[in-house]
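# Architecture and fold: a report
The residues making up each chain are set out below.
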Amino acid sequence: ANWRFAIDVFLLFRPSIIRPFEGHHQLNYYGMFKNFLKSGWRSFIKYKTNSLINVFGLSTGIAATILLYLIIDYEKSFDQFHEQAQNIYRVADKYPDGNQSDMIVTPLLPTLLNEYPEIASGTRILEWEDIFLHKEEALYIDLFYVVDKDFTSVFTFESVHGNIAQALSKPGNIVLTESIAQAFFCDDNPIGKVLKMKDMGSELIVAGVIKMPPKNSSLQFKALMSWPASPSHLDEDQMGNWYNTFMTAYVRLSDKADVKGLEAKTPDLTKRYYLDNRKDHQVIFLPFLEEHARNTENDRTINILAIIAIAILLISSVNFMNLSMSQWLTRTREIGVRKVLGSLKGQLIFQFLIEGLITTITALLFALLLVFLFIPNVNEYYGLAIQYNMLANSSSLLFIIGVCLGVGAISSITISVLLANVHVIKSLKEKVKWSSTGQWLQKG
């Protein structure tokens with residue numbers, strides 16, 4: 001008997017010491033939870049009109065909020081896919097009056113690379129167009145880039161065929177995007193095939209194929225050509241002067257580089273190299289991740305959209321609370337009976353919370369359906385490329401879960417606390433009404 005007693009004590013020994021982990025009412029607790037779910041679903045079905053209005057209003061609000069969030073998230077995602085995006089800067093020329101130009105003089109980038117070791121690599125970009133010929137095929141490429149050989153050490157674009165870095169380091173080579181390669185050579189491997197530029201008369205060998213730049217890329221091109229392969233008017237004599245400003249440049253700084261410190265050094269460079277009428281200019285470096293915002297000037301619009309999204313969600317939540325409260329005021333006798341039968345305040349709050357979450361989750365499912373239906377129209381109308389893949393976009397998934405739990409929980413808890421405090425006698429006599437303060441708040 002002593003041994004059995006010792007074993008029993010040992011088996012019952014746990015951190016709570018006095019009582020089991022789940023308390024003394026665990027069997028009843030699960031049954032009560034199941035009852036709350038069943039009761040909540042029955043109430044949802046029974047009061048069809050109120051449920052329909054709640055679900056319709058809430059789902060519309062959540063759908064609008066999610067759509068606005070996806071638009072904002074897409075706008076913020078521009079150029080984030082580059083491996084060194086945080087260290088990429090656009091080289092610009094700042095005038096004494098504060099204005100600036102994104103176009104640079106042609107020898108500026110090689111000079112910067114030679115004089116400032118904090119610049120790891122850089123590339124100039126010239127936008128060009130021409131008609132390309134292959135046997136009897138002719139294709140007008142309206143936008144290809146003439147770039148330096150370090151283009152791929154600055155930017156990250158996915159290669160399909162060939163080594164892009166090697167291709168851009170040799171004369172006579174061209175790198176095509178996948179769509180252009182498909183148009184010329186169908187499914188054949190284009191490496192080694194010859195293209196001829198009609199206007200310039202140059203013959204180029206296809207040395208690589210890369211994927212098309214994604215929609216959320218500030219750089220959009222259909223082919224890449226290295227400077228050694230460029231037309232004769234871009235030869236070194238023309239490139240070596242300090243008055244031509246027909247190209248842009250980007251640099252990748254080292255991880256520990258100080259941009260402000262680097263900019264402070266550039267006035268000395270401009271005084272030594274720039275022409276007399278430009279010696280008071282300053283070379284500055286603009287963050288590449290802000291390029292899309294600079295080009296579109298949409299920062300203010302994004303902020304307004306964020307405010308609108310919050311306002312819509314807030315209005316939807318308030319409407320949901322008002323409608324739910326109006327519905328529950330018709331069920332005060334049920335609240336009174338539950339209290340008489342022994343329901344505790346916490347249990348009533350939990351029941352109302354369950355009912356609110358059932359409505360919210362149903363509204364969320366409809367909202368996701370609405371977003372799925374409207375995303376193609378939004379993309380087409382605004383020229384966006386929003387991907388509606390919640391599993392791939394974890395931030396969107398967390399946002400939606402937060403919206404669901406936030407709207408449902410906050411709204412339902414507010415209602416639950418108010419109703420759980422209703423006096424038993426008044427609830428049984430169905431004499432519970434809005435107070436003057438409550439009416440003012442509801443109407444507000």
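Below or above, wherever it landed, is the structure these notes cover.

## With respect to the side chain of H292
Along the chain, the position of H292 falls in helix α10 (residues 291-296). A distance of 2.7 Å separates the side chain of H292 from the side chain of E75, its partner in a polar contact.

## Side note on unusual backbone geometry
Positive phi, close to 70°, is recorded for D79, a residue that is not glycine. Here D79 is to be found in the loop between α3 (48-76) and β1 (88-94). Look at E297: it is not a glycine, yet its phi comes out positive at around 55°.

## Observations regarding the pattern of salt bridges
Taken as a whole and assessed by the stated rule, the structure comprises nine salt bridges. Of the charged contacts in the structure, one is a salt bridge between R90 and E291, with a shortest N-O distance of 2.7 Å. Taken as a pair, R90 in strand β1 and E291 in helix α10 lie far apart in primary sequence, 201 residues in all. Note that D150 and K149 form a salt bridge whose closest N and O atoms lie 3.9 Å from each other. Among the residues examined, D150 registers a relative accessible area of 27% and is labelled partly exposed. K149 sits in the partly exposed class, given a relative accessible area of 48%. Beyond isolated ion pairs, a larger network of salt bridges with shared partners links R90, E291 and R294.

## Quick word on the pairing of strand β6 (residues 173-177)
The element β6 is extensively covered by neighbouring structure, given that five of its five residues are classed as buried. In terms of strand pairing, β6 meets strand β8 (residues 203-210) through five bridges, oriented parallel. Of the residues in β8, the one forming a bridge with I174 is V206. Note that β6 and strand β9 (residues 223-226) share three bridges and pair antiparallel. The residue bridging I174 from the neighbouring strand is M225, located in β9.

## Things to note about the packing of aromatic side chains
Enumeration according to the criterion identifies 15 aromatic pairs in this entry. Plain terms: the ring middles of Y145 and F221 are 5.2 Å apart, the flat faces sit at 40° to each other, and that makes the pair tilted. Here the residue Y145 occupies a position in strand β4 (residues 137-147), and F221 occupies one in the loop between β8 and β9, the gap between them amounting to 76 residues. Per residue, the accessibility class of Y145 equals that of F221, and both read buried. Three or more aromatic residues joined by ring pairs make a cluster, and in this case those are F81, Y145, F151, F155, F157, F221, Y250 and F288.

## Brief notes about the side chain of R278
If you trace the backbone, R278 turns up in the loop between α9 (259-273) and β11 (282-287). Setting aside residues no more than four positions away along its own chain, R278 makes contact with V105, W242, Y243 and T245.

## What to know about the pairing of strand β7 (residues 194-197)
On a regular strand, one side chain projects to one face of the sheet and the next to the other, so that they alternate. A one-sided burial pattern is seen for β7, the buried positions being L195 and M197 and the unburied ones V194 and K196. Two strands pair when backbone bridges link them, and strand β3 (residues 119-134) and β7 are joined in this way by two bridges, in the antiparallel orientation. Bridge pairing in β7 links F132 to M197. With three bridges connecting them, β7 and β8 associate as antiparallel partners. Bridged to K196 within β8 is E203. Adjacent in sequence and paired antiparallel, β7 and β8 are bridged by five residues, among which G201 carries a positive phi angle near 75°.

## A look at the nonpolar core
Counting 39 residues, the largest nonpolar core has V91, L108, L112, F132, L176 and F285 as its most contacted members. Sequence-distant contacts of F132, defined by excluding residues within four places in its chain, comprise E137, A138, L139, I141, F144, I174, F184, L195, K196, M197 and L204. Listed in part, the 29 residues of the second largest apolar core include F320, I375, I400 and V403.

What counts as what
Residues numbered from 1 in each chain as written. Predicted model: local features only at pLDDT ≥ 70, side-chain atom pairs only at ≥ 80, totals over all residues. Heavy atoms only, no water. Helix = DSSP H or I, 4+ residues; strand = E, 2+ residues; numbered from the N terminus. Polar contact = N/O pair within 3.5 Å; in protein donor to acceptor, adjacent residues only side chain to side chain. Salt bridge = Lys/Arg side-chain N within 4 Å of Asp/Glu carboxyl O. Buried < 20%, exposed > 50% of the residue type's maximum accessible area, 1.4 Å probe, protein only. Pairing = 2+ DSSP bridges. Phe/Tyr/Trp six-rings, centres within 6.5 Å; stacked < 30°, edge-to-face > 60°. Contact = heavy atoms within 4.5 Å. Core = buried A, V, L, I, M, F, W, Y, C linked by side-chain atoms within 4.5 Å.

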